Structure formats: structure tokens, C-alpha cells
Amino acid sequence: MDLLRLLSFGPDGWGDELLQGTWLTIRLALATVPFGLALGFLVALAKRSPNRYLRAFGNAYTTVFRGLPELLTIFIVYFGGQIALQRIVGLFSGATVEVNGFIAGMVALGVVFSAYASEVFLGAFNNITRGQYEAAYALGLRPATTLRLVIIPQLVRLALPGLANLWLILLKDTSLVSVIALDDLLRKTGLAVRVTKEPFLFFGVACLIYLALSMISSIGIVAIERWANRGLRRAS
Amino acid sequence: MNWDALATYGPRMLQGLVVTLQLVVISITLGALLSIPVALARMSRSRILRAVSFGYMYFFRGTPLLAQVFLVYYGAGQFRTQLEAIGLWWLFRDAFFCCVLTFTLNTGAYQAEILRGAIRAVPAGQREAAMSLGLRPRQIFRKIVMPQAILIALRPLGNEVILMVKGSSVAAIVTVFDLMGVTRLAYSRTFDFQVYLWAAVLYLVVVEIIRRVWDKLEHRLTRHMRSA
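Residues numbered from 1 in each chain as written. Chains lettered and ligands numbered in written order. Predicted model: local features only at pLDDT ≥ 70, side-chain atom pairs only at ≥ 80, totals over all residues. Heavy atoms only, no water.

(A) Spotlight on the interface of chain B and chain A. Facing 33 residues of chain B, the contacting portion of chain A comprises 33 residues. Between chain B and chain A, roughly 2,900 Å² of surface is buried when both sides are summed, and carbon and sulfur atoms account for 78% of that area. The closest approach of N and O atoms between K166(B) and E70(A), which form a salt bridge, is 3.3 Å. Between chain B and chain A we count seven residue pairs in polar contact (both at pLDDT 80 or more) in total. Breaking the side of chain B that touches chain A down by element, the ones donating at least two residues are α2 (47-62), α3 (65-78), α8 (137-167), α9 (179-190) and α10 (194-221) of chain B. (Contact = heavy atoms within 4.5 Å. Buried area = accessible area lost by both parts, 1.4 Å probe. Salt bridge = Lys/Arg side-chain N within 4 Å of Asp/Glu carboxyl O. Polar contact = N/O pair within 3.5 Å; in protein donor to acceptor, adjacent residues only side chain to side chain. Helix = DSSP H or I, 4+ residues; strand = E, 2+ residues; numbered from the N terminus.)

(B) Structural view of a nonpolar patch on the surface. Residues and elements named next belong to chain A. A contiguous nonpolar patch, built from L85, I88, L91 and F92 and spanning about 480 Å² of accessible area, is present on the exposed surface. Tracing the backbone through its elements, the reader meets L85 in helix α4 (residues 70-92). Look at L85 and you get partly exposed, because its relative accessible area is 40%. (Patch = residues over 30% accessible without salt bridge, like charges linked within 9 Å, V, L, I, M, F, W, Y side chains within 5 Å. Areas by Shrake-Rupley, 256 points an atom, 1.4 Å probe, with all protein chains shown as cover. Buried < 20%, exposed > 50% of the residue type's maximum accessible area, 1.4 Å probe, protein only.)

(C) Expanded view of the side chain of Q68(B). When you line up the elements, Q68(B) lands in helix α3. Q68(B) gets classed as buried once you look at its relative accessible area, which sits at 1%. Those residues in contact with Q68(B) that sit more than four places away from it in its chain are C207(A), F59(B), F60(B), T63(B), T102(B) and N106(B).

(D) View of the environment of R45(B). Residue and element names in this part refer to chain B. In this fold, R45 is placed in the loop between α1 (3-42) and α2. Under the relative-accessibility criterion, R45 is labelled exposed at 84%. In the structure, R45 is positioned 120 residues away from V165 in sequence and 35 Å away in space, judged by C-alpha atoms.

(E) Structural context of the packing of helix α7 (residues 124-132) of chain B against α8(B). Residues and elements named next belong to chain B. The interhelical angle for the contact between α7 and α8, taken along N-to-C directions, is 160°, at an axis separation of 10 Å. Classed by the angle they form, the pair α7 and α8 counts as roughly antiparallel. For the pair α7 and α8, the crossing hand works out as right-handed. Taken together, the residues of α8 that come into contact with α7 (itself represented by Q126, R127, A130 and M131) are I140, I144, V145 and Q148. A class-by-class count of the residues in the contact of α7 with α8 yields five nonpolar, two polar and one charged. (Axes fitted to C-alpha atoms, helices over the stretch in contact; angles between N-to-C directions. Parallel < 35°, antiparallel > 145°, perpendicular 65-115°, else oblique. Left-handed = near helix turned anticlockwise from the far one by under 90°. Nonpolar A, V, L, I, M, F, W, Y, C, P; charged D, E, K, R; others polar.)

(F) Molecular detail of unusual backbone geometry. All names here are of chain A. Phi is positive for K197, which is not a glycine, with a value near 60°. Along the chain, K197 turns up in the loop between α8 (185-196) and α9 (199-228). The exposure class assigned to K197 is exposed, which follows from its relative accessible area of 59%.

(G) Representation of the packing of aromatic side chains within the structure. The full count for this structure, using the stated rule, is 21 aromatic pairs over all chains. Both rings, one in Y56(B) and one in F60(B), keep their centres 5.2 Å apart while their planes meet at 55°; by these two values the pair is tilted. One end of the pair is Y56(B) and the other is F60(B), both in helix α2 and four residues apart, which spans about a single turn. You can call Y56(B) buried: its relative accessible area is 16%. Consider the rings of Y187(B) and Y196(B), whose centres lie 5.0 Å apart with planes at 45°: the pair is tilted. Y196(B) matches Y187(B) in its accessibility class, with the two residues each being buried. Every member of this aromatic cluster is reached through a ring pair, and the members are F75(A), Y78(A), F79(A), Y187(B), F191(B), F193(B) and Y196(B). Between the NZ or CZ atom of R52(A) and the centre of the ring of Y53(A), over which it lies, the distance is 5.3 Å. (Phe/Tyr/Trp six-rings, centres within 6.5 Å; stacked < 30°, edge-to-face > 60°. Lys NZ or Arg CZ within 6 Å of the ring centre and 35° of its normal.)

(H) Representation of the pattern of salt bridges within the structure. Residues and elements named next belong to chain B. This model, assessed by the stated rule, comprises 10 salt bridges over all chains. The residue R80 makes a salt bridge to E84 at a minimum N-O spacing of 3.1 Å. Highlighted residues: R80 and E84, both in helix α4 (residues 80-85), separated by four residues, approximately one helical turn. Taking the relative accessible area as the measure of exposure, R80 reaches 41% and is therefore partly exposed. Salt bridges sharing partners connect three or more residues here, namely R155, D215 and E218.

Next comes the structure, spelled out in C-alpha cells:
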């Protein structure tokens, strides 16, 4: 059939292009997570810090990046990053710099991810009882060791449902990077539409691919949660 | 500050903000109307109704809003002759309308999920007490379950409104001149990065106002649940 040929792999089908786009979407989402998690954790620590200014900074960070549209954050990081880098490079040479779309997308999505993740971490922190800290103190553990050996393992378990949710949102938000000329799934689909004039088919297929990605993620999330809860006694 | 650009594009950005708010208010309202039958269908005894509403919610919650907008806006063009035949083409030709339609379907799915969770969170004892008072199922739903469910749903609904304000910015990509659209236009004319920062401030102000108003609303509506 004609429509199937359009989706096939090879020179006259768009299957391989869509697959390339999907691969970039997956890579972008995967690259964003570690960056966003680390940043989110630091922001959560800042919000719990005894220092007033750090707390204010953490709260302002969350308010701003949870309030801004993701699309606007992407534009600000992409164009703003370009200007900032140009200024820095301009100090040393006259070369023009081009911001890598992948990095810009990763930073923008990571910043948004971290703002939400910091709230998840904060909630998880609040669910760890004082007794845990006191017990660690009584054992003579140093604060850094307490964090590493006692708090973080529990934190991971408590934060996982929230973080899993953020991952599913991130997967969808990656589609926004298509506006900064990054060849993700949605942009490749747009190219296919422009050539074939079959928008309904191709955007429909793109939606189904996103659905498939989130279904696969859900399976992975269940497995990770089972692993994280392995030390937990279940009420029978 | 670039005062020239502000004088030229400031008023247009405020007009864009009005378009953004129109998009949000219309979509959220229509989505709320849509969400009630969908949530009920999701919990109905009929397997077909459950499957249809599940498919609808799963699709719109699992795919990016931007892809949905493209699907409706560009996809409609493909069915031009059919749409012309039933006299709806003038609607689907309009990017604003396509966005409203997509946003409504999108937020309807999210709101239905919120509503379903809230209805299930109403304690079973409430329903049983109403039944033992001899109320009919319809009365129980309208007078006992729904008022309590809406209070439970209030907070996530507020979040959904804020998500819609942010999400509505994708309308700019299909040529709607909402706040984001005007900002992109201003940037392409002036190449002045400031316009993005002004837009950021406007979005933050809107989101913050909604958050505060919603907090007040929730505080007021739940006043009977607080002990003095």
C-alpha cells in the first residue's frame, strides 16, 4: 500500500528518518536526566540550607523555572547562551560562535527538570524522620557520610515516583527543541510532511512513537521501583 | 533597556498576552465541561465506554502538546474537501481555533484524570450514608460526591491551569500571535534579546497571580473544613 511505502525504510520511505529522530529524542532525554538530577539535588540542598541567601536563591530558582513556559526557557537558553558565549569569546578573539542545539536543548530542559526535581527531593527530605539523622549522629557519622550512607538511599526510594513522573513529562517536552533546529522526532516528521504532503499520517505516527516511548518507560519505571523498594518490608 | 523596542512592541506584547489568556480561559472552561462525561465514562460499568475514555485520556496525556497541535492544524488541511463539504473548513483554517480545539482536548484529558482521582478519593462512607438516607444515585452524585470531589480536585486543577498558561505558548509555532508569538516576531525584527526577558516577566506575573488567586479561592472554599 502507498501509505506503508511512505513509512518504510530506505530511499523512498521515511521510516529511517523517523527512527533517527526518535533516537535523537531518546538521547536528548537521557542526557538531560543526570544534569537535571544533579542540579535539582543541589537546589534542594540550597532550599534546606541554614543560609538565608541560599534558601532565597533556591526558592527563586524554582519559582522562575516552574513558572516560565518550557518553550520560552529553550529560547532564552539558546539565544541568551549564544550572546553570552559570543561576549566571552569576543574578549579573546573575533571568531563567531554557534551554540550547539543539542547542548542548548539539554541545558534548557535540564534547568526546567531540576526546578521540578528539587521540589520532589524536598518532599522526600521532609519524609525522612529526624530519628535517622540522630541515629547517624549517635553512631558518630560525619554529616557528609550521613548524607551518603543514610539519607540518600532512602531519598532515592521516596523521590522515585515523583521523578518517574518528571521523566514522562521530559520525554514530551523534548518535542519543543524541534523549534531550535534540532533534528528530533517531531522535526523529522515535519520534514517528511513537507515532502510527502501527508500530515495526518506522519504526525499521527509521531504521536504513536511518543506513546510507545512512554509505555516502554512505564515498564522500566516499574522495574526500577521494585529494585528501590527491595529493602522495604511489605505489610502482608 | 531598549526603550524604542519597548514603545513599539510593548503594547503588542500586551495584546499577545490577551490572546494567551483567551486561549487559556476558553480551553480550560471547555476542557472542564468535557472532563465530566469523560471521567464518568472512565468509571462507568460499560466496558466500551471505559475503553474509549481510557484510549482518549491515554493518547492526549501521553503525547506532546506540540505534536497534537501539528496533528490537528496540519492534519485538518488534508481533509479540506470533506471539511468544506460539512461547512467547517473556515474553522479549521484558523490557527487560533485549531489551538483551542487541541488545548481543549488535551486539558480535558488531564482534568478528567484529576476528577476521576478526586471522585475516588471521596470516602465510601459518604455514599453509604447518603444511600441509607434514601437518596437516589443521581442525587448522591450531585449533592454528596461531586461537591467534595471538587474540593479535593481544586489544587491539581490550579496546577493544570498554570500548565495550560505555559503550554499555550506552543500556539506561537502555528502562527498564532499570543504572547510567545509576538515575542518571537519582535525578536526576529529587532534581534534584541531583551524581548524574551520581558515575555518571561509577563509569564511569571500571570502564573504568580493565578497561583495566589487560586490559594485564596481554596482557602475560602475549604473554610468549613478547618477547625477554629
